[in-house]
Amino acid sequence: MTQHIVTSFTDELEHLSANLLRMGGLAEAMIRDASRAVVTRDNQLARTVVERDAEMDQLEIECERDVVRILALRQPMASDLRMVIGAIKLAGTIERIGDLAKNIAHRSLAVTEADNRVALRGVERMGQAVSRQLHTALDAYSRRDAIAAISVIEQDDDIDSHYNSMLKSMLVYMTEDPDKLDTRSNFLFIVKNLERIGDHCTNIAKAVHYIATGQQIRSSNEPLR
Amino acid sequence: MLDKTETSQPESAPSDKDTKIDCRHIDVFYGEKQAIFDISMPIRDRSVTAFIGPSGCGKSTFLRCMNRMNDTIDGARVEGEIIMDGADINDPTVDPVLLRSRVGMVFQKPNPFPKSIFDNIAYGARIHGLASSKSDLENIVETSLVRAGLWDEVKDRLASPGTGLSGGQQQRLCIARAIAVNPEVILMDEPCSALDPIATARIEELIDELREQYCLVIVTHSMQQAARVSQNTAFFHLGKLIEMGETEMMFTNPSNQRTQDYITGRFG
Ligand SMILES: Nc1ncnc2c1ncn2[C@@H]1O[C@H](COP(=O)(O)OP(=O)(O)OP(=O)(O)O)[C@@H](O)[C@H]1O
Ligand SMILES: [Mg+2]
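Residues numbered from 1 in each chain as written. Chains lettered and ligands numbered in written order. Predicted model: local features only at pLDDT ≥ 70, side-chain atom pairs only at ≥ 80, totals over all residues. Heavy atoms only, no water.

Brief notes about the sheet that holds strand β7 (residues 185-189) of chain B
All names here are of chain B. Taken in spatial order, the six strands of this open sheet run β6-β7-β8-β3-β9-β10, and their pairing is mixed. At either end of the open sheet lies a strand with only one pairing partner, and these are β6 (103-106) and β10 (240-246). Put simply, the sheet's adjacent strands are angled 15° from each other on average, direction ignored. As paired elements, β7 and strand β8 (residues 215-219) share five bridges and run parallel to each other. Note on β8: the bridge partner recorded for Val185 is Cys215. In this fold helix α7 (residues 197-210) packs onto β3 (47-52), β7 and β8, with an angle of close to 150° to the strand it touches most, β8. (Pairing = 2+ DSSP bridges. Helix = DSSP H or I, 4+ residues; strand = E, 2+ residues; numbered from the N terminus. Axes fitted to C-alpha atoms, helices over the stretch in contact; angles between N-to-C directions. Contact = heavy atoms within 4.5 Å.)

Some points on the packing of helix α1 (residues 7-40) of chain A against helix α3 (residues 78-108) of chain A
Residue and element names in this part refer to chain A. Axis separation between α1 and α3 bottoms out at 9 Å; the angle between their running directions is 20°. Judged by the angle between their axes, α1 and α3 are roughly parallel. For the crossing formed where α1 meets α3, the hand is left-handed. (Parallel < 35°, antiparallel > 145°, perpendicular 65-115°, else oblique. Left-handed = near helix turned anticlockwise from the far one by under 90°.)

Examining the packing of aromatic side chains
Residue and element names in this part refer to chain B. Inspection of every chain in the model, using the stated rule, returns five aromatic pairs over all chains. Here Phe51 and Phe236 contribute two aromatic rings whose centre-to-centre distance is 4.9 Å and whose plane-to-plane angle is 55°, an arrangement assigned as tilted. Here Phe51, found in strand β3, pairs with Phe236, found in strand β9 (residues 232-237); they are 185 residues apart in sequence, far enough to count as distant. Assessed through its relative accessible area of 0%, Phe51 is described here as buried. Arranged with centres 5.1 Å apart and planes meeting at 25°, the rings of Phe235 and Tyr262 form a pair that is stacked. Of this pair, Phe235 sits in strand β9 while Tyr262 sits in helix α10 (residues 257-263); the two residues are 27 residues apart in sequence, bridging distant segments of the chain. Here the aromatic cluster, defined as three or more aromatic residues joined through ring pairs, consists of Phe51, Phe62 and Phe236. (Phe/Tyr/Trp six-rings, centres within 6.5 Å; stacked < 30°, edge-to-face > 60°. Buried < 20%, exposed > 50% of the residue type's maximum accessible area, 1.4 Å probe, protein only.)

Digging into α1 of chain A
Given a rise of 1.5 Å per residue, 34 residues ought to cover 50 Å, and the 49 Å separating the end C-alpha atoms of α1 of chain A matches this to within 8%. Backbone geometry just downstream of α1 of chain A places Arg41 of chain A in the positive-phi region, at approximately 50°. (Expected span 1.5 Å × (residues − 1).)

Here you go:
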């Protein structure tokens, strides 16, 4: 995209973009490490995920402050306006993803040695799928690529069906030994959190689509051109 | 991304019953030099249309076509049709003075006559024979000043000179003068460029009220002003109409790359 005549405006928008991508990269790593912490019962790793949430909150605050300043001082229009409005949405959504990853890390502390390998592997695979989704969504953002954004939205169905089959096997796993219901129910929350992260990736993709084209996509059930 | 770089002129929206002025294939020349190239555009009634574009792109020239002010410029020649309420305003049988009472104009620099506030407003009403008595005239003066939002500030000094008012007041006086002759259309060429934010807000508020009754066209260099006051926006570049559409669309998602570059402050 061509430069603004006032180059400091271009710098400010780029700074905002870079911060969002930093938040996104942080969220991606938090998801990956949180699900690894579940699988490997690595409490130390889980704690680092929880700690990184503070950095995430800080970056979100910085993004919001940048957006307010740009709106007040630059009065952005057209694609710049969409970029700035989209940025608020993206920052909030990515911050939510960080929270969910933090919850997963918390839950991982309760996973025990006795827990089922199949369940663990399921979490690992779903965690990988979700963090890939986020990666693709962020990639679409950095290239302002509407087509890539749509493919992220379409892939959410895969994550949902992954979730549904996980849910079934988790329920079976939980109920087969009522004494362990307490710890095993943690898995339910873990996969639910991963599924929610998948939904947020869809929200990111919708925002990217809007930023790139000015067209809003309402619900994921709506046919996508 | 869509291809947003095409250079042909846009198909302007077809004119319909809401069209007050239908400009068709307008070319304007200053001597040999062509300033407007084949512009067609319907201007809606009871609505504000904003003209935006870089300096020298032809906004004022095109605006002046609508009340034949270009007739007063030596060497200026207008071609094409400008249909207002079904008749071409360039038809030789049309009296330009009468036309200008139907299509009023407000300029960038407030230009009150060197007369009293009262006479500034009364002048047009008198020459167009709109008042049959003194009280008629007083009525017109008061109504116009009230509508222009100036009455309370000047009612006690109607006899003092219009040129003694502040810039913002003078501009509202000029608007009052324009509406005193019952126009149908009001053309404004950068009416707020010499005004402070409060005076500007007053004029914008006034424009918003006037739109219930008049067809307004405003040239402005402020994107924010165009966005605030208009319902439709036309973007001009090098004498051509590049894009015209609903203001909201033009400022959130213009379809032409050059419109986009201009309103976001990028190199065109
Ligand atoms: N009286 C004139 N004689 C000769 N050329 C003129 C005259 N008035 C305008 N032009 C030329 O016509 C073109 C359009 O001018 P116009 O004043 O319509 O532009 P504009 O869009 O209103 O610019 P600005 O934003 O600076 O007011 C310019 O190239 C200008 O030099
Ligand atoms: Mg001009």
